[in-house]
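Overview (structure and organization)
What follows is each chain in one-letter form.
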Amino acid sequence: QSKNSGPGIQIRASDYATEPDAIDWHQDISIHDSKFIDPGRDAVVWGQSTGTGMKFYNNIVVNTGNNSDSTRSGLIVQDDSGKSGEPNLVLEIFNNVFYGQYPGEDSLRLVNAGSILIKNNIFMASDQTENYWVNDGINESIINASNNIWIGSIQNVPSWDTKPIILNPLFVDPTSPSRNFHLQVGSPAIDSGTAVSVSRDFDGTLRPQGSAFDIGA
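Now for a look at the structure at hand. (Residues numbered from 1 in each chain as written. Predicted model: local features only at pLDDT ≥ 70, side-chain atom pairs only at ≥ 80, totals over all residues. Heavy atoms only, no water.)

**Focus: the pairing of strand β10 (residues 106-112)**
Using the following cut-off: Buried residues are those whose accessible area, probed at 1.4 Å on protein chains only, stays under 20% of the maximum for their type, while exposed residues exceed 50% and partly exposed ones sit between those limits. Here a strand is any run of E in DSSP of at least two residues, a helix any run of H or I of at least four, and the numbering for each starts at the N terminus. Any two strands with at least two DSSP-identified bridges between them are counted as paired.
Counted residue by residue, β10 has 6 buried out of 7 residues, so it is predominantly covered. Relative to β10, strand β7 (residues 73-78) is paired through 5 bridges, and the arrangement is parallel. Bridge assignment links Leu75 to a residue of β10, and that residue is Leu108. The pairing of β10 with strand β13 (residues 130-134) spans 4 bridges and is parallel. Looking at the pairing, Asp106 lines up with Glu130 of β13.

As structure tokens, then:
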């Protein structure tokens, strides 16, 4: 992905503001087992008239927005079509790693959706960035989050995560050029997740390997 381009991946259908008569949405789309390293802008923008069956899992997002003139995010969730008769966005965000991010950027930006499930992710920002940003107008009851690791950010752990972990996940070597996001022996992410619909990890290994799912990709 070019450091000067638009979003790495953008999923959206008709823009209700400019195409009010369009009936168009997406369903059953998954982005998984992918790496987004040093994207110049947003890694993934997900929203606008999209529907059910959407999944974002086993992805690694590193250093979002390293060449941008405005705030950028690892993942933006933005279902803002406002169109009646179309399904609201239902998105599962499971077993991802969001690491680093540049000063002033954030890992996860929640603008609006019908339902957002956030489980078994590792959010490890730098001390000048935010792990998450939530639109003031969003109804937090749409967020179902638990068993995520939140560390390194300038902000507090989100109140909507019902079972947060605030510990270093102990990656093998997340720095460049290695970018090795496997977990060291003794990592607090091992066996600390909750069961979700992602049966294999980034390497294709079956989950779980121990007493419970691991957190991370």
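Once you've had a look at it, read on.
**A word on the sheet that holds β10**
Spelled out, the test is: Axis lines are fitted through C-alpha atoms, for helices just across the contact stretch, and the angle between N-to-C directions can take any value from 0 to 180 degrees.
With parallel pairing, the 5 strands of this open sheet are ordered in space as β1-β4-β7-β10-β13. Of all the strands in the sheet, the pair left with one neighbour each is β1 (9-11) and β13. Going across the sheet, the axis of each strand differs from the next one's by a mean of 5 degrees, ignoring polarity.

**A look at the nonpolar core**
This is how it is decided: Among the buried residues, those of types Ala, Val, Leu, Ile, Met, Phe, Trp, Tyr and Cys that are joined through side-chain atoms within 4.5 Å form a nonpolar core. Any two residues having at least one pair of non-hydrogen atoms within 4.5 Å are treated as being in contact.
Grouped together as the largest cluster of nonpolar side chains are 29 residues, with contacts concentrated most on Trp46, Phe56, Val77, Leu110 and Ile118. Mapped by element, the contributors of at least two residues to this core are β4 (44-47), β5 (54-57), β7, β8 (90-94), β10, β11 (115-119), β13 and β14 (143-146). Apart from the residues within four sequence positions on either side, Trp46 is in contact with Ile11, Ile29, Ile31, Met54, Lys55, Phe56, Leu75, Ile76, Val77, Gln78, Leu89 and Leu91. Core analysis: the next-biggest nonpolar cluster, separate from the first, contains 12 residues, Ile60, Val62, Met124 and Ile165 among them.

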